[in-house]
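The lines below spell out each chain.
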2 protein chains.
Amino acid sequence: MSKIQKKSFKNNKVSLAQIAKAAGVSKMTASRVLRDEGGFSESTRTKVMAEVERLGYVPNRLATVFAGDQKSTFVGVAIPELGNEIFTQVLEGIDRKLGAFGHQTVLGMTDHSLEQEEKWLETVLSWQPAGLIVTGRSHTPKSIQLLRGAGIPLVEIWDFNSSPLDMSVGLNHFDSGYGMGRYLAGLGYTKFGYVGTSHDTANAASARLAGYGKVIEDSGGTLQKQLLLRDTPGFYTGYYGTEQLLAAHDDIEVIYYQNDNMAIGGLNYCQKRGLSVPNDIGIAGWGDLPIASIQPYRLTSTSVPHLRIGQIAAEMVLSQINGEPQRRSHDVGFNLIPGSTVITREKLHR
Amino acid sequence: MSKIQKKSFKNNKVSLAQIAKAAGVSKMTASRVLRDEGGFSESTRTKVMAEVERLGYVPNRLATVFAGDQKSTFVGVAIPELGNEIFTQVLEGIDRKLGAFGHQTVLGMTDHSLEQEEKWLETVLSWQPAGLIVTGRSHTPKSIQLLRGAGIPLVEIWDFNSSPLDMSVGLNHFDSGYGMGRYLAGLGYTKFGYVGTSHDTANAASARLAGYGKVIEDSGGTLQKQLLLRDTPGFYTGYYGTEQLLAAHDDIEVIYYQNDNMAIGGLNYCQKRGLSVPNDIGIAGWGDLPIASIQPYRLTSTSVPHLRIGQIAAEMVLSQINGEPQRRSHDVGFNLIPGSTVITREKLHR
DNA sequence: TTGAAAGCGCTACCAG
DNA sequence: CTGGTAGCGCTTTCAA
């Protein structure tokens, strides 16, 4: 009695055993038919499939994974935030690729916090995922221990990382910041500004800022101010950050932003205040988001293959799952887009 | 031998039994400690926890779900696309709420296709999710059968739906389109345009268009052209869509877009072509995305609580899981934002 | 081509 | 406070 009750409480889902019984075969035979494993007659298949259809059988993959030495089809994917279009595109690349090969994305938003990442890792690993994709190269000691012990394919994305825990795909953020800095210095700019956001964790954006700062120093210019807001890097932050930056240093000639959305925010602030871009002030973003190319002026930016990073990450996981040999690190590179929101200083001085 | 081999092949993960043995207690006792169920001494706890730490034990939740009459902590979430900021925000709302209560989002991108949704449903249900959140109110017959048979909380989001399969949260899209139409007609506009995208499935955007069209008809104006592009509703599409629309009908006085990103694209096209907004042409978007409020002119739009839709959907699922009584349908409403990208026609005629 | 038995890691249930 | 036993739905192994 109590058993029956328990059973009915648990769920009234149709099980393999019920299918088998209804079709008048053993569980094993039914199982073989469902997995199309071969070794059964056509008439048996027909009987079994008829019952599957009739009873609306949905297999319990939990039991499958559990019974066999298989893995689940889950891939855990940790990204910092969804509010940021950049990561959203990476995620889309991942999910498309994964989905095409019958895998599912289990989402994890870390809010740029390593502690959140650790907490999420602990949970997601308990579900026996087939693989893991995490953003960034820094993790808590415990996270590293978990990652190491998991024994499943792992890809660290975003920062290019020549000695990853397992695999890695991304780009060199320092170089991309350096590249933009050199380009701007080459145009003759000497008084630089930066507007971005700050997080507890060392992140890729700060590597870009470091590269930018390095060039400025080397070229004899000055980084008048680097404003790091404790907020999400979006349009608003760019707008108000620019206001703050210019209030403190109105002699800044060019501003580099953490991303394009912030840059567009800055652009609009300048426009509103009556500053002409690029004549009065130069603007440079990062990421080459769609909005960058429909502005009246083409935004100076750095193009990054967001979707591709995601796709490659997913491919790396899938290949590893299938035991295919795999390169450990992949640098997708970046591309400086000159745009028209900065200008040669000489022109101005003429 | 073969057993041992199999075991070591399967995985070298630490199991409860190993912990128990190492700590010199039974599996049950170890299990109780780990679940903090009570009924064990402090010294036992210490011993067990020490082994957990030492061996790096990660519980196998698959087995837990499988053994008890529990559910997994997964919640399947199907959204049409990630490229669209609107759905991204909804997803963020969902994942934040879910995460705060120890649940995980299993993502499903349907690409606006009911077939994709059906395929995804079949897979995700086999993983015994604790709940389901899907976008839209229309599903294939098979999907409906699956949804009905799943016996887990289900929320249909986006369209407000007074008779959902289980629960629903969203807004009346027809009304929101109607509201914008009435507002514009009230300003004196008579020649209307619309730019959006089309999908195989009946979607919310077409309900908005229907509402918009209805007002125009009723007010004696004309919908000169409704352009439905087979593309993603973003900046680009708005830009080029506007170009196409105006090439065909240059007498259009105001354009309503499927969303703000498209509207901003249109705005920039107009600017580039030397058309003054709102004097030469009116622009109205939908969604009140962040970019709408940093433009030189405040974009006329409809504000929708994206994040809240997600949060409420997640709350509905969680409450249902916990057996709390739950309202079946929730209308989050919308809010017309007048903005300054449209203008009273009388002013122009003076 | 088919089936019976054993067991995956864990928890419910009962007995001590 | 503690432990033994049974069994979740499925697959593996071996035998028929």
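Everything below is about the structure printed above this text.
The model shown is predicted, which means the values in this text are computed figures rather than measured ones.

### Let's talk about the interface of chain B and chain A
Here's step 1: If you look at the interface, chain B gives 54 residues, while chain A gives 53 residues.
Here's step 2: Approximately 5400 Å² of surface area, both sides summed, lies buried where chain B meets chain A, with 63% of it carried by carbon and sulfur atoms.
Here's step 3: Three residues, L62, W127 and I294 of chain B, lead the burial of chain B against chain A; their summed loss comes to 15% of the area buried on that side.
Here's step 4: Put simply, chain B and chain A have 2 salt bridges between them.
Here's step 5: Where R96 of chain A meets D111 of chain B, a salt bridge forms, and the shortest distance between an N and an O atom there is 2.6 Å.
Here's step 6: Taken together, the links from chain B to chain A amount to 12 residue pairs in polar contact (both at pLDDT 80 or more).
Here's step 7: Element by element, the count of residues in the side of chain B that touches chain A is highest for helix α5 (residues 61–67) of chain B, at 6 residues.
Here's step 8: Its residues assigned to classes, the side of chain B that touches chain A comprises 25 nonpolar, 19 polar and 10 charged.
Here's step 9: In terms of strand pairing, strand β2 (residues 104–109) of chain A meets strand β2 (residues 104–109) of chain B through 3 bridges, oriented antiparallel.

### Focus: the protein's contact with DNA strand C
Here's step 1: Residues in contact with DNA strand C amount to 26 residues; listed here are only the nearest, T29 and T44 of chain A together with L16, S31 and Y57 of chain B.
Here's step 2: Take the atoms of DNA strand C that sit within 4 Å of the protein: sugar and phosphate atoms are 57% of them.
Here's step 3: A distance of 2.6 Å separates a base nitrogen of DNA strand C from a polar side-chain atom of K27 of chain B.
Here's step 4: Take A63 of chain B: an N or O atom from its main chain is 3.5 Å from a base nitrogen of DNA strand C.
Here's step 5: Put simply, the parts of the chain that give the surface near DNA strand C at least two residues each are α3 (27–35) and α5 (61–67) of chain A together with α1 (2–10), α3 (27–35) and α5 of chain B.

### Quick look at the environment of L267 of chain B
All names here are of chain B.
Here's step 1: Locating L267 in the fold gives a position in helix α12 (residues 260–273).
Here's step 2: L267 gets classed as buried once you look at its relative accessible area, which sits at 8%.
Here's step 3: Note: C-alpha distance between L267 and A284 (17 residues apart in sequence) is 9.4 Å.
Here's step 4: Among all residues touching L267, those that are not within four sequence positions of it are V277, I283, Q295 and T341.

### Side note on the sheet that holds strand β8 (residues 254–257) of chain A
Residue and element names in this part refer to chain A.
Here's step 1: Ordered in space as β7-β6-β8-β9, the 4 strands form an open sheet in which the pairing is parallel. Only two strands of the sheet have a single neighbouring strand rather than two, namely β7 (222–229) and β9 (282–284). Averaged over all pairs of adjacent strands, the angle between their axes in this sheet comes to 15 degrees, without regard to strand direction.
Here's step 2: One ladder, built from 3 bridges, connects β8 with β9; its direction is parallel. Bridge pairing in β9 places I255 opposite I283.
Here's step 3: Against the sheet, helix α9 (residues 173–186) makes contact with β6 (191–197), β8 and β9, and its axis sits at roughly 165 degrees relative to β8, the strand it touches most.
Here's step 4: Where helix α12 (residues 260–273) meets the sheet, it contacts β6, β7, β8 and β9, and its direction lies at approximately 160 degrees from that of β9.

### Section: helix α2 (residues 16–23) of chain B
All names here are of chain B.
Here's step 1: Along α2, the positions that sit buried rather than exposed are I19, A20 and A23. Each buried residue of α2 lies within a common arc of 100 degrees when the element is viewed along its axis, so the set occupies one face.
Here's step 2: Where α2 is buried, its residues touch α3 and α4 (42–55).
Here's step 3: The positive-phi residue at the C-terminal boundary of α2 is G24, with phi of around 70 degrees.

### Quick word on the relation of the copies chain B and chain A
Here's step 1: Laying chain B over chain A is done by rotating through 180 degrees and shifting 0.1 Å along the axis; what remains is an RMSD of 0.2 Å. Here the copies are linked by what is in effect a two-fold axis. For chain B, the residue whose C-alpha comes nearest the rotation axis is V106 of chain B, separated from it by 2.3 Å.
Here's step 2: A shared binding surface is used by both copies, with 98% of the interface residues of chain B retained as interface residues in chain A.

### Comments concerning the packing of α3 of chain A against helix α4 (residues 42–55) of chain A
All names here are of chain A.
Here's step 1: α4 packs onto α3 with a crossing angle of 85 degrees between their chain directions and a minimal axis gap of 10 Å. On the basis of their axis angle, the class for α3 and α4 is roughly perpendicular. Judged by residue contacts, T29, A30, V33 and L34 of α3 engage T44, R45, V48, M49 and V52 from α4.
Here's step 2: Partitioned by chemical class, the residues of the contact of α3 with α4 number 6 nonpolar, 2 polar and 1 charged.

Rules used in this analysis
Residues numbered from 1 in each chain as written. Chains lettered and ligands numbered in written order. Predicted model: local features only at pLDDT ≥ 70, side-chain atom pairs only at ≥ 80, totals over all residues. Heavy atoms only, no water. Contact = heavy atoms within 4.5 Å. Buried area = accessible area lost by both parts, 1.4 Å probe. Salt bridge = Lys/Arg side-chain N within 4 Å of Asp/Glu carboxyl O. Polar contact = N/O pair within 3.5 Å; in protein donor to acceptor, adjacent residues only side chain to side chain. Helix = DSSP H or I, 4+ residues; strand = E, 2+ residues; numbered from the N terminus. Nonpolar A, V, L, I, M, F, W, Y, C, P; charged D, E, K, R; others polar. Pairing = 2+ DSSP bridges. Near = heavy atom within 4 Å. Buried < 20%, exposed > 50% of the residue type's maximum accessible area, 1.4 Å probe, protein only. Axes fitted to C-alpha atoms, helices over the stretch in contact; angles between N-to-C directions. Arc of directions from axis to C-beta. Least-squares fit on C-alpha atoms with pLDDT ≥ 70 in both. Parallel < 35°, antiparallel > 145°, perpendicular 65-115°, else oblique.

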